[in-house]
Structure formats: C-alpha cells, structure tokens
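Results of the structural survey
Residues per chain, in single letters:
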Amino acid sequence: FDMKVTQKEVYEQAAKPIIEGVLKGFNGTVFAYGQTGSGKTHTMQGPNIEDLEMQGIVPRMVRTVFNRINNMSENVEFTVKVSMAEIYMEKIRDLLDPTKGDLKIKENKEKGVYIQNLTERYIGSDAEV
C-alpha cells in the first residue's frame with residue numbers, strides 16, 4: 001500500500017474479503033508481518049480505535065461482523081469466538097492472556113492448524129472485543 005492510503009482503504013482491500021468469507025461460515029485469519037516499527041500495530045489497531053476514520057483493521061472487522069449479525073434474520077444464529085496472538089522473536093504470545101508465553105503451533109485432522117492453549121473467548125458484541 002502507498003503511504004497515503006487510508007485505514008478504510010487498507011481494510012476494504014485486505015481484510016473485508018476475509019470477513020465476507022467468515023460470515024459465510026469459513027474460518028478467517030488476518031496476519032500482519034514486518035520489522036519492528038514497520039506499522040503493524042498502526043495497521044491492525046489504528047492510532048485511535050475510538051475514531052471511526054482512524055480505526056485499524058481489527059476494530060473495523062469486529063464492527064462489520066456485529067453489524068451484519070444484528071441485521072440478519074432472527075432465524076439465523078451466530079457464535080463468535082475471538083483469539084489474538086503475537087509472534088515476536090519466534091515466540092508466540094497470547095494477547096488475551098499475557099501470562100501465556102511461548103505457545104506452540106499444532107495441527108490435527110479436526111482443528112487443522114492452530115495455536116495450542118491460545119485463549120479463545122466467546123463474545124456477544126463489538127464492545128466486548
């Protein structure tokens with residue numbers, strides 16, 4: 001992306017298609033990668049998550065999911081589960097439970113690829129995230 005691109009443009013191009021898939025029943029992951037100071041936190045959280053224009057990818061994704069759920073038929077039921085991890089210096093850290101460090105990536109037939117012991121929380125609104 002160009003340095004002058006807006007947070008909204010990044011979201012629309014990079015993350016919104018993933019959210020569309022999630023809302024159709026697929027699993028989705030948004031992954032930010034780069035050197036220290038390259039803008040990962042700026043991109044994912046934004047400089048001000050309270051400001052709708054400055055919000056990063058994560059608050060926009062959450063808002064999109066719950067807006068869609070709230071506008072669905074009452075006959076449709078959703079379960080929303082969230083987990084967040086950071087990989088730094090080849091160590092995986094649980095961002096929902098910082099006491100969990102050095103987690104491991106695993107794979108099995110039922111779950112596919114996953115991070116063992118990563119906290120998963122069921123949430124009912126964007127405010128909970």
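These notes cover the structure that comes with them. (Residues numbered from 1 in each chain as written. Predicted model: local features only at pLDDT ≥ 70, side-chain atom pairs only at ≥ 80, totals over all residues. Heavy atoms only, no water.)

For the rest of this paragraph, the subject is the side chain of Thr 119. Relative to the helices and strands, Thr 119 resides in the loop between strand 5 (112–115) and strand 6 (121–123). Given the relative accessible area of 13%, Thr 119 is considered buried. (Helix = DSSP H or I, 4+ residues; strand = E, 2+ residues; numbered from the N terminus. Buried < 20%, exposed > 50% of the residue type's maximum accessible area, 1.4 Å probe, protein only.)

Our focus in this paragraph is helix 1 (residues 7–22). Given a rise of 1.5 Å per residue, 16 residues ought to cover 22 Å, and the 21 Å separating the end C-alpha atoms of helix 1 matches this to within 8%. At Ala 15, helix 1 shows its maximal kink, close to 50°; a proline, Pro 17, follows between one and four residues later. Here helix 1 has its buried residues at Gln 7, Val 10, Tyr 11, Ala 15, Ile 19 and Gly 21. Looking at the packing, one finds that the buried side of helix 1 touches helix 2 (40–44) and helix 3 (57–70). (Expected span 1.5 Å × (residues − 1). Bend = angle between axes of the 7 residues up to and from the residue. Contact = heavy atoms within 4.5 Å.)

Time to look at the pairing of strand 3 (residues 91–94). Burial along strand 3 is one-sided: the residues Ile 92 and Asp 94 are buried and none of Lys 91 and Arg 93 is. Strand direction decides the pairing type here: strand 2 (residues 85–88) and strand 3, joined by four bridges, are antiparallel. From the neighbouring strand, Glu 86 faces strand 3, where its bridge partner is Arg 93. Between strand 2 and strand 3, which pair antiparallel one after the other, the connecting turn spans two residues, and Met 89 there sits at a positive phi close to 55°. (Pairing = 2+ DSSP bridges.)

Our focus in this paragraph is the packing of aromatic side chains. In total, this model carries zero aromatic pairs according to the counting rule given. One Lys or Arg, Lys 111, reaches over the ring of Tyr 114 and ends 4.2 Å from the middle of that ring. (Phe/Tyr/Trp six-rings, centres within 6.5 Å; stacked < 30°, edge-to-face > 60°. Lys NZ or Arg CZ within 6 Å of the ring centre and 35° of its normal.)

Here we come to the side chain of Thr 64. Along the polypeptide, Thr 64 turns up in helix 3. Polar contacts involving the side chain of Thr 64 include one to the side chain of Tyr 11, which spans 2.7 Å. Not counting residues up to four positions away in its chain, the partners in contact with Thr 64 are Tyr 11 and Ile 19. (Polar contact = N/O pair within 3.5 Å; in protein donor to acceptor, adjacent residues only side chain to side chain.)

Okay, unusual backbone geometry next. Although it is not a glycine, Asp 102 sits at a positive phi angle of roughly 55°. Looking at where Asp 102 falls in the secondary structure, it is placed in the loop between strand 3 and strand 4 (105–108). Residue class for Asp 102 comes out partly exposed when judged on its relative accessible area of 36%. Unlike most non-glycine residues, Asn 117 shows phi in positive territory, near 70°. Judged by its relative accessible area of 53%, Asn 117 is exposed.

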